Every structure is written in structure tokens, then in C-alpha cells.
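# Close look at the chain arrangement
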Amino acid sequence: MVLDNLGGSLRNALKKIASANKIDKALVDEAVREIQRALLQADVNVKLVMQLSNTIKSRALDEKPAPGMNPREHVINIVYQELINLVGRGADIPLKKQNIMLVGLQGSGKTTTAAKLATFFQRKGLRTAVICADTFRAGAYDQLKALCEKQGIFFYGEKGNTDAPAVARNGLEATKKYDIRIVDTAGRHALEGDLIQEMKDIHAVVNADQKLLVMDAALGQQASEQAKAFNEAVNITGVIITKLDGTAKGGGALSAVAETKTSVAFIGVGETPADLERFEADRFISRMLG
Ligand code: GDP
């Protein structure tokens, strides 16, 4: 990892270690404090921050450096490894025939993300279709249809039909020849019983290979509660954190990912269908601690 590519606070903390004459408890404590501050500012859950801090401290002082590594490199390496552990390696979404179901609260960016994901797979040469099973939000159908048509992506929806599982079933029937079938589901403003039930019903029909939870980077501590509820309902296989192009650092959503033991699959970095990136731990850490 190149120090100069890192975000400000993390770079400062690691530079202090890199230029120290001697690695001792005071130095490690100071560097950890700086990393803690940055993580908390990014909305990472306090419990996770404390766990990470304690692990870094004890490893840095107790473990012997690997052969050929000086004590400074040793500590920097531990900090880096533990940060990677925190953000995870990312969900593996293979480029093969599969059904993908998107879930999330209203406003999280689900509809936009459906078009972004479709664009991503289409550009990889996979035949991609989008099915609008969001029969709840007025406007979802038109919004998704317009986004897909602009990208030349096959769109299936049934305007006026409020039976979301039936729309999903018909959509799958109509898109059999496609490699990737993305099913957008309805969100609500909050976690309500009917949302959870509808999601389960659609899930039973779609039997998706991937169930991706779309979360707004600006979510703070309530991200965990959301992720837990969605995970219990459909057993999510990955998370897409949206709106990372804004000021939010995504630490709340990231904590939810860590707590539910899932991983981040993609990140959203803008409003256009091209603004989707595969999750990369290094870049995420730099962005979060920038
Ligand atoms: P849904 O209710 O979950 O389907 O949310 P939408 O897809 O309609 O998105 C809500 C708003 O967030 C829209 O104005 C989107 O353009 C915007 N949005 C979605 N993803 C991103 C993103 O990654 N970055 C930015 N800046 N805006 C986004």
C-alpha cells in the first residue's frame, strides 16, 4: 500500500510510525488514537472501532516482526491488515448467468442502482434484463424503464399491477434468454412488516443467486438495525453502498456489513448508470479515512 495514496488522517498516523526512531507503547497509542478519530468521524460503530484499536495495539506490541521487516514496517503492516479486516474483502459477484434481487429502504438509491448494475453487466458482455417488482412507489416503473431504455437494457414491468410477486414471476418468464436478471423490489420509508413480508414473497418466487442490500452512505448507527432486518428476511449476500460521491464516508453502512457478516459488493459514486464501482478495500479505506 502506497502511503501517499491514503486519506489524510490515516496517512498522518502511518507517517508518524514510519518516521519514528523507536516503536513503543506511546507511539502506537498515539497512532491508534488518530485512526480511531478518523473512523468515528466516518460513522464507524464505536464497538468496532474499539475492537480494531485493541487488536492493533496488542499485535503491534506483542507480535515479532516477520523476517526482513523492521519494527516500523511491522506496525504499519498490522494497521493495514486490521483495516482490511474491518472493511472486508468484498463480495464475489461472478460474471455468469444469475438472478439478482435488490432490496433496501426507499430513497437508498435502489432504482438507480438497478440500472447501474445492469449497465455494469451489459458492458461485460452479458445479456442483461431488469424487472421492476417495485409496485409500491408511484413513479418507480417509469423511472426504471426510462433509465433502462436509455442504456439499451431490456426492461420488464407491469404498470398498475400491485401484485409484486406475480410481476416478478411474469418477468422471469419473459426474460428467460437473459444471462443476468435484476429484480428491483419496493422499499418503504421504514422497516415495516408488510415490506418484509413482500420481500420474502418475491424472494420465494425469484430464488435469487444474489440478494443485494442497497444502503445510503449517509446512514449512521441505524444502518445496523436495517441490515439485520433485511438479512433475517432474505439472507443478504452482499451490500451496495450508494452516494459515496458525497460527503458521507459510509462508515455506518460499513459497520452494518461487518456486524451482519456480509460484504460490500459495489459502491455507488454518482447519479448516472456508469457511476458504479466494484468494491476495493484499499480505495474504500482511503476514501473513508480521507
Ligand atoms: P430508491 O427509492 O431506493 O429507488 O432510490 P432512487 O434510485 O430513486 O434514488 C434516490 C435518489 O438518490 C435519486 O435522486 C438518485 O439519483 C440518487 N442517487 C442514487 N444513487 C446515488 C449515488 O451513488 N450518488 C448520488 N450522488 N446520488 C445517488
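Residues numbered from 1 in each chain as written. Predicted model: local features only at pLDDT ≥ 70, side-chain atom pairs only at ≥ 80, totals over all residues. Heavy atoms only, no water.

If you look the chain up in an unreviewed UniProt entry, it shows as Signal recognition particle 54 kDa protein from Methanothrix soehngenii. For the chain, the Subcellular location (unreviewed entry) comment in UniProt is given as "Cytoplasm". (UniProt positions renumbered as here; feature names shortened; annotations may be inferred.)

## With respect to helix α6 (residues 140-151)
Between its first and last C-alpha atoms α6 spans 17 Å; for 12 residues at 1.5 Å apiece the expected length is 16 Å, and the two agree. Of all the positions in α6, only Ala140, Tyr141, Leu144, Leu147 and Cys148 are classed as buried. The arc that holds every buried residue of α6, seen down its axis, measures 145 degrees, which confines them to one face. Its buried side turned inward, α6 meets α5 (110-123), β2 (128-133), β3 (154-156) and β4 (180-185). Following α6 by one or two positions, Gly152 adopts a phi angle in the positive range, close to 70 degrees. (Helix = DSSP H or I, 4+ residues; strand = E, 2+ residues; numbered from the N terminus. Expected span 1.5 Å × (residues − 1). Buried < 20%, exposed > 50% of the residue type's maximum accessible area, 1.4 Å probe, protein only. Arc of directions from axis to C-beta. Contact = heavy atoms within 4.5 Å.)

## A word on the packing of helix α1 (residues 8-18) against helix α4 (residues 71-87)
Direction vectors running N to C along α1 and α4 enclose 155 degrees, while the axes themselves pass 8 Å from each other. Compared by their axis directions, α1 and α4 come out roughly antiparallel. Contact with α1, carried on its side by Leu10, Leu14, Ile17 and Ala18, involves Arg72, Val75, Ile76, Val79 and Leu83 of α4 and no other residues of that element. Partitioned by chemical class, the residues of the contact of α1 with α4 number 8 nonpolar, no polar and 1 charged. (Axes fitted to C-alpha atoms, helices over the stretch in contact; angles between N-to-C directions. Parallel < 35°, antiparallel > 145°, perpendicular 65-115°, else oblique. Nonpolar A, V, L, I, M, F, W, Y, C, P; charged D, E, K, R; others polar.)

## Here we look at helix α7 (residues 164-174)
When α7 is considered as a whole, its buried residues turn out to be Ala164, Pro165, Ala166, Val167, Ala168, Gly171 and Leu172. Its buried side turned inward, α7 meets β1 (98-103), β2, β3, β4 and α8 (193-206).

## Quick notes on the site of the ligand
Taken together, 17 residues lie near the ligand, and Gly107, Thr111, Thr112, Asp245 and Glu271 sit nearest. Between the ligand and Lys243, the relevant distance is 2.9 Å, taken from an oxygen atom to a main-chain nitrogen or oxygen of the residue. Between the ligand and the protein, one listed contact pairs a nitrogen atom with a side-chain N or O atom of Asp245 at 2.8 Å. Relative to its unbound accessible area of 580 Å², the ligand is 80% covered by the protein chains. (Near = heavy atom within 4 Å. Polar contact = N/O pair within 3.5 Å; in protein donor to acceptor, adjacent residues only side chain to side chain. Areas by Shrake-Rupley, 256 points an atom, 1.4 Å probe, with all protein chains shown as cover.)

## Section: the packing of helix α3 (residues 46-62) against α4
It is the contact of α3 with α4, at a shortest axis distance of 10 Å, that shows an interaxial angle of 150 degrees. Taken together, α3 and α4 sit at an angle that is classed as roughly antiparallel. At the point where α3 passes α4, the crossing takes the right-handed sense. On α4, the residues touching Leu48, Leu52, Thr55, Ile56, Arg59 and Ala60 of α3 are His74, Val75, Ile78, Val79, Gln81, Glu82, Leu83 and Leu86. (Left-handed = near helix turned anticlockwise from the far one by under 90°.)

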